[in-house]
Amino acid sequence: MNVLLFGFGRAGKIHYNNLINNLNFKLTHLVELYDVSNEINESIKYIDFKNKEEIKNILKGDEIRAVIVASPTSTHYEVIKLSLENNKHVFVEKPITESEEEINECFDLAERNNLILFVGYNRRYDPTIRRIYNSVRNDEVGFINYAFTISRDYPYPTNDFLKISGGIFHDCATHDIDYMNWILNDKPISVNVSVFDNDDIEEYNYDHVTINFKYSLGTIVCLNLSRIASSYDQRCEFYGTKGEIINNNFKENAKLSFPQRYRDAFRIELESFYDCIKNGIKPEVTKEQCLNNYIIAEACQEAIDKNKKITIKYGEGFRNYNNVSKSVYNNYLTARKNQTVEFVQKMQNKFSKFDTKMEIWDILEDLNSLVDVSDPDVAHPNLYHAIQTAESMRKDNLPDWMQLMGLLHDIGKIMYKKGNDDEGTGKKEQWAMVGDTFIVGCKLPNGIIFPEFNNENPDMQNEKYNTELGIYSEGCGLDNLMCSWGHDEYLYQILMSSKNPHTLPEEALYMARYHSLYAYHDKKEYFRFQSNKDKEMFDWLKKFNKYDLYSKCDDIYDIDMLKPYYINLINKYFTNSFLYI
Ligand code: FE
Ligand code: FE
């Protein structure tokens, strides 16, 4: 198979050597900005990178079947597009391109033209890392609670390279990010970064970096990167519930670099590229993973620029469920499988005792240790979200009872104290506590989040429950429907108990009870059940939702400063400073 190689720099030389020693490939052309004709075999034709016409002509012809791209990242997009448009399979060094749009465009073009676009995240092909992947995926060490990597570069890169490298996050950290996500089968939801630099001449290049990630399933990951070392240094450690994996092979002062450390990986990934072309196999690195690696590297930079913890957002806007983390997906799938009429009745019974006394402020503070696993927009504990919601209402001069509801709307999550993971009401398993709710006892609508899970609900096989009206009647009012069990309904029941006297208006209770019923207030499902009261309340619910959703950001309020104001509101509307839960 004839191939053309772009680039004869750090990575290009490695691919060059592998190509000329690989019987499956025949390297016929090499494109580089500088004349390297006397460094390469005579049989290979050197082309000047500036000679665009000649490059185009060669790619237009049938001689070349595949292109290897190892030129600087800024050239990738142009070269990939030109190659794919001319029906060539492409192998490209990471990172694929310099923007999300370009990544999308390149993968879409490859798919349309039925071509392979293979991204060289070489760590995945390193035999040691592959072994770790296999043992984690085969559950040999249990759930990974903590992992860390050390990646130190050697020798210190030249200034010319640093200028075009894309910065340490896109150049170096992207490798660790990629293989960490790949091994853990998860992705980070938040990031914190510390940096140290001797002289920050080059943009986004730091001499030392530590990156702290929190993954959606709870794993904490620390990536340590440095440009300074006495030899190329690549280590990683994984600590699981059943065991640990420690990969430590550093040789001080050995003065090795990545061509030695990843010699096998570079060779194997090239073989894999050939395999993909020959057998029409999809490459292991997907478009989604490349996009995630890009987004995560950008979030690392943002964490430095803003000097704070960043919630990593994988989609546009709020409530984007197209590319959700594992925890969000699992939460909705399990809820759909288990939330039946029978289950909801059981939970209503279980949580109707109201026999535990707790100060209202203590409930809020207690929830500081709880992160909502169903929320794709938030990686902060609940108290932040409560304060953010209330404060944004206060800023807009909304009634004080509504501000108070903004503060308290999620305190039903305190059910975890009496709950357990088996019933989805624990700290880890939250499928009967958080996430969008739906009505049980009638057909699950299509306007619900992840409608593809609807068939998993056992009630949908029951003729009593799987019709439009189910066990209800038209116009019966939302108050007569049974919602899937969650923090909304629990808080409503707490507030309705005579043990918890207060003077909150009906609108406040309505907001508490239905704020997670997105299928209703966002997608207009269940309108057939609306009563006159529901029609009147609808706008309040919409209004509340606006603040629940759009106040989500990484701004942190000084809670101690705000506390007196909200304690005052609690005293105004509640007879006692405590609640029976
Ligand atoms: Fe909520
Ligand atoms: Fe909320």
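Sequence order as written defines residue numbering, which begins from 1 separately in each chain. The lettering of chains begins at A and the numbering of ligands begins at 1, in the order of writing. Where totals are concerned, whole chains, interfaces and linings use all residues; where local detail is concerned, this predicted model gives features only for residues with pLDDT of at least 70, and gives and counts side-chain atom pairs only at 80 or more. The basis for every side-chain value is the complete set of heavy atoms in the structure, and neither hydrogens nor water enter the calculation.

## Notes on the sheet that holds strand 1 (residues 2-6)
Strand pairing is defined by DSSP finding a minimum of two bridges between the two strands. Helical segments are the DSSP runs of H or I of at least four residues, strand segments are the runs of E of at least two, and each set is numbered from the N terminus. In spatial order, the strands read 3-2-1-4-5-6; together these six strands make up an open sheet with parallel pairing. Each end of this open sheet is capped by a strand with a single partner; those strands are strand 3 (45-48) and strand 6 (117-120). The average angle at which neighbouring strand axes cross in this sheet is 20 degrees, direction not considered. In the sheet, strand 5 (residues 89-93) pairs with strand 6 via four bridges, with the strands oriented parallel. The residue of strand 6 that forms the bridge with Glu-93 is Gly-120. Sheet contacts for helix 3 (residues 73-85): strand 1, strand 4 (66-69), strand 5 and strand 6; angle to strand 5, the most-contacted strand, approximately 165 degrees. Axis lines are fitted through C-alpha atoms, for helices just across the contact stretch, and the angle between N-to-C directions can take any value from 0 to 180 degrees. Any two residues whose heavy atoms approach within 4.5 Å are treated as being in contact.

## A few points about the coordination of the iron ion (ligand 1)
The donor set comprises N, O and S atoms within 2.8 Å of the metal, extended to 3.2 Å for Na, K and Ca; water molecules are omitted, so apparent gaps in a site may simply reflect that omission. For the iron ion (ligand 1), the protein coordination sphere consists of Asp-410 (OD), His-487 (NE2) and His-515 (NE2), at 1.9 to 2.2 Å. A gap of 3.3 Å separates the iron ion (ligand 1) and the iron ion (ligand 2), which Asp-410 links by coordinating each metal. Residue Asp-410 is found in the loop between helix 15 (400-408) and strand 15 (439-440), and its partner His-487 is found in helix 16 (residues 487-496); the two are separated by 77 residues along the sequence. With respect to burial, Asp-410 and His-487 carry one shared label: buried. Note on exposure labels: buried denotes an accessible area under 20% of the residue type's maximum, exposed denotes more than 50%, and partly exposed covers the range between, all computed with a 1.4 Å probe on protein chains only.

## Looking at the environment of Ile-449
By secondary structure assignment, the location of Ile-449 is in the loop between strand 15 and strand 16 (482-483). For the pair Ile-449 and Gly-412, spaced 37 residues apart in the sequence, the C-alpha separation amounts to 21 Å. Here Ile-449 is in contact with Tyr-321, Tyr-332, Arg-336 and Asp-436, once residues within four sequence places are set aside.

## Side note on the coordination of the iron ion (ligand 2)
Geometrically, a metal with four donors at the corners of a regular tetrahedron has ideal angles of 109.5 degrees, and one with six donors at the corners of a regular octahedron has ideal angles of 90 or 180 degrees. Taken together, His-385 (NE2), His-409 (NE2), Asp-410 (OD) and Asp-548 (OD) make up the protein donors of the iron ion (ligand 2), found 2.2 to 2.4 Å from the metal. Motif for the iron ion (ligand 2), donor spacing along one chain: H-x23-H-D-x137-D. Given the relative accessible area of 8%, Asp-410 is considered buried.

## Brief notes about the side chain of Arg-124
The topology assignment puts Arg-124 in the loop between strand 6 and helix 5 (127-137). Of note is the side chain of Arg-124, whose polar atom sits 3.5 Å from the backbone oxygen of Glu-284. Setting aside anything within four residues of it in sequence, one finds Arg-124 in contact with Arg-130, Asp-178, Trp-182, Glu-284, Val-285 and Gln-289. Definition of a polar contact: a pair of N or O atoms within 3.5 Å, with one able to donate and the other able to accept a hydrogen when the atoms are protein atoms, and with sequence-neighbouring residues admitted only if both atoms are side-chain atoms.

## Some points on the pattern of salt bridges
Two side chains of opposite charge can pair, provided their charged atoms sit close to one another. Counted as salt bridges are all cases of a side-chain nitrogen of Lys or Arg within 4 Å of a carboxyl oxygen of Asp or Glu. This structure, assessed with the given rule, holds 32 salt bridges. One salt bridge connects Glu-423 with Lys-346, and the closest N-O pair in it is separated by 3.2 Å. Remark: Lys-346 occurs in helix 12 (residues 341-350) and Glu-423 occurs in the loop between helix 15 and strand 15; sequence separation between them is 77 residues. Judged by its relative accessible area of 13%, Glu-423 falls in the buried class. The class for Lys-346 is partly exposed, based on a relative accessible area of 47%. The salt bridge partner of Asp-479 is Arg-513, with a shortest N-O separation of 3.3 Å. Here Asp-479 is found in the loop between strand 15 and strand 16, whereas its partner Arg-513 is found in helix 17 (residues 506-514), with 34 residues between them in sequence. According to the relative accessible area criterion, Asp-479 is partly exposed, its value standing at 30%.

Distances and angles like these do not, on their own, reveal function.
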